[in-house]
Amino acid sequence: DGGITQSPKYLFRKEGQNVTLSCEQNLNHDAMYWYRQDPGQGLRLIYYSQIVNDFQKGDIAEGYSVSREKKESFPLTVTSAQKNPTAFYLCASSFTGTKDGYTFGSGTRLTVV
Amino acid sequence: GNSVTQMEGPVTLSEEAFLTINCTYTATGYPSLFWYVQYPGEGLQLLLKATKADDKGSNKGFEATYRKETTSFHLEKGSVQVSDSAVYFCALTVSGNTGKLIFGQGTTLQVKP
């Protein structure tokens, strides 16, 4: 079955360390997205990519980096420059230019210890 | 610009009560409208959608009608269950857009036995 997989589900990081969150999809979607969700809050867009080897900053890109070397994969690196990285991170994918909406992964909960 | 406004939560109901979660939007062009649901600790799942005015989306007893004249897409269910407790997000995407979704802030629903 096609879907979108995020790993790991829980991640702990020490202050000052970079950490990479994985997102893989086998839906043949063109576009992929990363969102951050804080407790009781809505979704904030970090980065998105509509095509391989290209990506754009969202609303809160500072302290994060991404790559899109393959259509199926869109990893997110949380760098030490991110001041408050503890959050729930959601990855999503979609076909570009359609009105079908997104498919979401199950999320990664990152905790800085 | 394009935006989505949802009623603030939390909404607390007793089991078998009638549910309405209000959603209004501002959009250029002809948006498609969506409701997503997020159960605790999980990613978002598409609940229902409507792509043109007067369409009714429905799924799992939930319904929403695309009202162009009032720019609304209110979510309703006739009889809620404890298992419906979740966060509900209204969203839109606009023709000619990249396919990117614009989300409301989410509304938390708590159903008590």
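Look a little higher up for the structure.
Owing to the predicted nature of the structure, the values given are computational and were not obtained by experimental measurement. (Residues numbered from 1 in each chain as written. Chains lettered and ligands numbered in written order. Predicted model: local features only at pLDDT ≥ 70, side-chain atom pairs only at ≥ 80, totals over all residues. Heavy atoms only, no water.)

**Student:** Teacher, can you tell me more about the state of the cysteines here?
**Tutor:** Such a bond, covalent and formed between the sulfur atoms of two cysteines, is termed a disulfide. Residue and element names in this part refer to chain A. Per the stated rule, a full pass over the model turns up 2 disulfides over all chains. A disulfide bridge connects C23 with C91, and the sulfur atoms are separated by 1.9 Å. On the sign convention where negative is left-handed, the bridge of C23 and C91, at about -80° about the S-S bond, is left-handed. One end of the pair, C23, is in strand β3 (residues 19-25); the other, C91, is in strand β9 (residues 87-94), with 68 residues separating them in the sequence. Accessibility classification places C23 together with C91 in one group, the buried group. (Disulfide = S-S within 2.5 Å. Helix = DSSP H or I, 4+ residues; strand = E, 2+ residues; numbered from the N terminus. Buried < 20%, exposed > 50% of the residue type's maximum accessible area, 1.4 Å probe, protein only.)

**Student:** Would you mind going over the packing of aromatic side chains with me for this structure?
**Tutor:** The geometry of an aromatic ring pair is captured by the separation of the ring centres together with the interplanar angle, meaning the angle of the planes. The tally for this structure, following the rule as stated, stands at 16 aromatic pairs over all chains. Ring plane angle 40° and centroid distance 5.6 Å describe the contact between B:F62 and B:Y88, whose orientation is recorded as tilted. Of this pair, B:F62 sits in strand β8 (residues 62-65) while B:Y88 is found in strand β10 (residues 86-94), placing the two residues 26 residues apart along the sequence. Just as B:F62 is buried, B:Y88 falls in that class too. Relative to B:F103, the ring of B:F89 lies with its centre 6.4 Å away and its plane at 85°, an arrangement referred to as edge-to-face. Here the residue B:F89 occupies a position in strand β10, and B:F103 occupies one in strand β11 (residues 102-103), the gap between them amounting to 14 residues. Comparing B:F89 with B:F103 shows no difference in burial state: the two are buried. Chaining the aromatic ring pairs together yields one cluster made of A:Y33, A:Y35, A:Y48, A:Y102, A:F104, B:F34, B:Y36, B:F89 and B:F103. (Phe/Tyr/Trp six-rings, centres within 6.5 Å; stacked < 30°, edge-to-face > 60°.)

**Student:** Help me understand the pairing of strand β12 (residues 107-112) of chain B, please; the structure alone is not making it clear to me.
**Tutor:** Each regular strand carries side chains that alternate between the two faces of the sheet. Residues and elements named next belong to chain B. Burial of the side chains of β12 is restricted to one face: T107, L109 and V111 are buried, whereas none of T108, Q110 and K112 on the reverse face is. Alignment of strand β2 (residues 11-14) against β12, held across 4 bridges, turns out to be parallel. Bridge pairing in β12 links V11 to L109. Where β10 meets β12, 3 bridges bridge the pair, whose relative direction is antiparallel. Within β12, the position partnered with V87 by the bridge is T108. (Pairing = 2+ DSSP bridges.)

**Student:** Just checking my understanding: could you explain the interface of chain A and chain B for this structure?
**Tutor:** For an interface, size is often stated in terms of accessible area lost upon the parts coming together. With 22 residues of chain A at the contact, the number on the chain B side is 22 residues. Note on chain A versus chain B: buried area summed over both sides is about 1700 Å², and carbon and sulfur give 52% of it. Applying the counting criterion to the chain A and chain B interface returns 1 salt bridge. Here B:K49 ties to A:D100 by a salt bridge, and the two come within 3.7 Å at their closest N and O atoms. Elements that contribute at least two residues to the side of chain A that touches chain B include exactly β4 (31-37), β5 (43-51) and β9 of chain A. Each residue belonging to the side of chain A that touches chain B can be placed in one class, and the counts come to 9 nonpolar, 10 polar and 3 charged. (Contact = heavy atoms within 4.5 Å. Buried area = accessible area lost by both parts, 1.4 Å probe. Salt bridge = Lys/Arg side-chain N within 4 Å of Asp/Glu carboxyl O. Nonpolar A, V, L, I, M, F, W, Y, C, P; charged D, E, K, R; others polar.)

**Student:** Looking at this model, I keep getting lost on the pattern of salt bridges. Mind explaining?
**Tutor:** Note on pairing: side chains with opposite charge can pair once their charged atoms come close. Scanning the model with the defined rule gives 7 salt bridges over all chains in all. The partner of B:K52 in a salt bridge is B:D55, and the shortest N-O contact between them spans 3.3 Å. In this structure B:K52 comes out as exposed when scored by relative accessible area, which is 51%. One connected set of salt bridges, linked through shared partners, spans A:R36, A:D38 and A:R44.

**Student:** Explain a nonpolar patch on the surface to me, please; I cannot follow it from the model alone.
**Tutor:** A cluster of nonpolar residues, A:Y10, A:F12 and A:V113, forms a patch on the protein surface that exposes about 380 Å² of accessible area. With respect to the helices and strands, A:V113 occurs in the segment after β11 (108-112). (Patch = residues over 30% accessible without salt bridge, like charges linked within 9 Å, V, L, I, M, F, W, Y side chains within 5 Å. Areas by Shrake-Rupley, 256 points an atom, 1.4 Å probe, with all protein chains shown as cover.)

**Student:** Just checking my understanding: could you explain the side chain of B:Q38 for this structure?
**Tutor:** Residue and element names in this part refer to chain B. Here Q38 shows up in strand β5 (residues 31-38). The exposure class of Q38 is buried, given its relative accessible area of 7%. Polar side-chain contacts of Q38 include one of 2.9 Å to the backbone oxygen of E42. (Polar contact = N/O pair within 3.5 Å; in protein donor to acceptor, adjacent residues only side chain to side chain.)

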